[in-house]
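As a plain string of letters, each chain reads:
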Amino acid sequence: MDAHYGLLLKKSWRDFKNNLIIFLPILFGILFVIGLLILVGLEIFIFAMLGVRSGGDWTPGLFVLAAIIGLIDLVLLILLGGAIEGMNIGLLNSIVSKKKATTKDMWSGMRRFTFPFIRYQLLMLAAYLVPVIVVAGLVLLALLASKVFAIVIGVIFVGIYILYFIALSLLIAIGLLFFLPMLSKGENSSVVQLVKQCLKYAKDNLSHVFFTWLIIFAINLVLGIPYNFTNFGLRFSSLMSTPVLITLIALFVLFFIASMIIGLWLRIFLFNAYFNAELKKL
C-alpha cells in the first residue's frame, strides 16, 4: 500500500483543528469520574454510619453487601469507560469520513459501539488472564505431588507466559492496530470476526500497519520524554525553591495539555491511515 504519511499527518491535524468537538468526550469522562467518586464517597459514608471502620466491625452480611456494591461500581466503571470510547469512535469515524463531526455522531457512537468495545476489552483481558489461571491450576496440581516439582513447573510456565505476554502485546499493538477504525464502520457486530478481519488486514498490509504504528509510537516516545522528565522532577518538589517549583509545575501542565492534544491528533491519524490510506493530496 503506497501511503503518504506526511499527507495523512497534515490532514489529521487539519481535521483536529476543524473538529474541536473531539474534546467533548474527555469532558464527559471527567464528569463521569467525578460522579463515580461522589457515589463511592456516599457508599463509604453509609458504611461509616453503620458503624463500620477499616480493620474491624465487619459482619458477614456487611461484607457481602460491600462486595456487591463494589461489583456494581466496577460494572459502572466499565460501562462508563465503554460509553466514552463509543463516543470517541463515533466522532473519529465522522471526522475522517465526513470532515465534520457533530454531537449526533457522538451519541450515535455511544449507542452503537459501547458494548462491542467492552466485549473487545474483555476478550483482550481474557487472552491475558486465562493462561495465568491455567498455569496457577497446574502449579497447584503439581504441588499435590511435590513442592520441588511445583517450583520447577512454576518457573518453566512463568518463563513461557512471559514470552506469551510479549508476543500477545505485540500482536495487539500491531496486528489489531486498526480494530477501532474497522469497528467504526459498523458492518460487523461480532468482536471475534472483527479481530480475525483485523489480523487478516494486518497480514495483507503489513508494511502499512507497521509504519502507522511506528509513527504513532515514535511521536508518543518523543513527546513523553519532557512530560516524564517534569513528572519525575515534581517528586523532589520539597527540595526545590519556589520559583523552580512554579516553573516545573507550569511545564508539567503545558506538557500534559500538549500530550492530550497530540494524543487526539494521533487518534485521528490512525483512522485516516485506515480510511484514507490512498490519499494523494489535501
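In this text the structure is predicted, and so the values were computed from the model without any measurement.

Caption draft 1: Spatial organisation of the overall build of the protein. For the protein, the helix and strand inventory stands at nine helices and zero strands. Its helices and strands in sequence order give the protein the pattern α-α-α-α-α-α-α-α-α, from N to C terminus. Dimensions of the protein along its principal axes, counting C-alpha atoms only, are 65 × 55 × 45 Å. Here the protein holds 282 residues, and 35% of them are scored as buried. Of the contacts made within the protein by residues no fewer than 6 positions apart, 75% connect residues no fewer than 24 positions apart. Counting only carbon and sulfur atoms, one obtains 77% of the accessible surface of the protein, whose full area is about 16700 Å². Each charge class in the protein can be summarised by its mean position, and for the 21 positive and 10 negative side chains these summaries are 7 Å apart.

Caption draft 2: How the structure looks around the packing of aromatic side chains. Enumeration according to the criterion identifies 18 aromatic pairs in this entry. Judged by centre distance (3.8 Å) and plane angle (15 degrees), the ring pair of Y120 and F179 falls under stacked. Within this pair, whereas Y120 is found in helix α4 (residues 103–145), its partner F179 is found in helix α6 (residues 179–184), the two being separated by 59 residues in sequence. Since its relative accessible area comes to 7%, Y120 is described here as buried. Here the aromatic rings of F178 and Y201 are separated by 5.6 Å at their centres, their planes lie at 90 degrees, and the arrangement is edge-to-face. Here F178 is found in the loop between α5 (147–175) and α6, whereas its partner Y201 is found in helix α7 (residues 191–204), with 23 residues between them in sequence. Each member of the pair, F178 as well as Y201, is classed as buried. Linked through ring pairs, Y5, F210, F211, W213 and F217 together constitute an aromatic cluster.

Caption draft 3: Representation of the pattern of salt bridges within the structure. Counted by the stated rule, this structure contains four salt bridges. Across the pair D204 and K200 runs a salt bridge, and its minimum N-O distance is 2.9 Å. Highlighted residues: D204 and K200, both in helix α7, separated by four residues, approximately one helical turn. The class for D204 is partly exposed, based on a relative accessible area of 48%. Overall, K200 belongs to the exposed group, its relative accessible area being 53%.

Caption draft 4: Main features of the nonpolar core. Ranked by internal contacts, the top residues of the largest apolar core, which has 54 residues, are Y120, L176, F178 and F179. Secondary structure elements with two or more residues in this core: α1 (5–17), α3 (60–98), α4, α5, α6, α7, α8 (206–233) and α9 (242–275). Of all the elements, α9 adds the most residues to this core, at 10 residues. Once you skip the residues sitting within four places of it in the chain, Y120 turns out to touch I172, L176, F179, V191 and V195.

Caption draft 5: Inspection of α4 at higher detail. The end-to-end C-alpha distance of α4 is 62 Å, a good match for the 63 Å that 43 residues give at a rise of 1.5 Å each. The largest bend in α4 amounts to roughly 45 degrees and is located at F113, with the proline P116 lying one to four residues further along.

Caption draft 6: Fine view of the packing of α4 against α5. Between α4 and α5, the least distance of the axes is 7 Å, while the angle of their chain directions is 170 degrees. Accordingly, the angle class assigned to the pair α4 and α5 is roughly antiparallel. α5 is crossed by α4, and the crossing has right-handed handedness. Of the residues in α5, those in contact with Y120, M124, A127, Y128, P131, V132, V135, L138, V139, A142, L143 and A145 of α4 are K147, F149, A150, I153, G154, F157, Y161, Y164, F165, L168, S169 and I172. Counted by class, the contact of α4 with α5 contains 21 nonpolar, two polar and one charged residues.

Caption draft 7: Quick peek at unusual backbone geometry. Positive phi values are uncommon outside glycine, yet K99 reaches one of about 70 degrees. Tracing the backbone through its elements, the reader meets K99 in the loop between α3 and α4. On the accessibility criterion, K99 (57% relative accessible area) is exposed.

Caption draft 8: Looking closely at the packing of α3 against α9. For the pair α3 and α9, the least separation of the axes is 9 Å and the interaxial angle reads 55 degrees. Taken together, the axes of α3 and α9 are oblique relative to one another. Classified by chirality, the crossing of α9 by α3 is right-handed. On α9, the residues that touch E85, N88, I89, L92, N93, I95 and V96 of α3 are R267, I268, F271, N272 and F275. Tallied by class, residues from the contact of α3 with α9 come to seven nonpolar, three polar and two charged.

Caption draft 9: Quick look at the side chain of E43. Tracing the backbone shows E43 in helix α2 (residues 24–49). Here E43 falls in the buried class, since its relative accessible area comes to 14%.

Calculation notes
- Residues numbered from 1 in each chain as written.
- Predicted model: local features only at pLDDT ≥ 70, side-chain atom pairs only at ≥ 80, totals over all residues.
- Heavy atoms only, no water.
- Helix = DSSP H or I, 4+ residues; strand = E, 2+ residues; numbered from the N terminus.
- Buried < 20%, exposed > 50% of the residue type's maximum accessible area, 1.4 Å probe, protein only.
- Contact = heavy atoms within 4.5 Å.
- Areas by Shrake-Rupley, 256 points an atom, 1.4 Å probe, with all protein chains shown as cover.
- Lys, Arg positive; Asp, Glu negative; His and termini not counted.
- Charge placed at Lys NZ, Arg CZ, Asp CG, Glu CD.
- Phe/Tyr/Trp six-rings, centres within 6.5 Å; stacked < 30°, edge-to-face > 60°.
- Salt bridge = Lys/Arg side-chain N within 4 Å of Asp/Glu carboxyl O.
- Core = buried A, V, L, I, M, F, W, Y, C linked by side-chain atoms within 4.5 Å.
- Expected span 1.5 Å × (residues − 1).
- Bend = angle between axes of the 7 residues up to and from the residue.
- Axes fitted to C-alpha atoms, helices over the stretch in contact; angles between N-to-C directions.
- Parallel < 35°, antiparallel > 145°, perpendicular 65-115°, else oblique.
- Left-handed = near helix turned anticlockwise from the far one by under 90°.
- Nonpolar A, V, L, I, M, F, W, Y, C, P; charged D, E, K, R; others polar.

No statement about biological role is implied by the geometric values presented.
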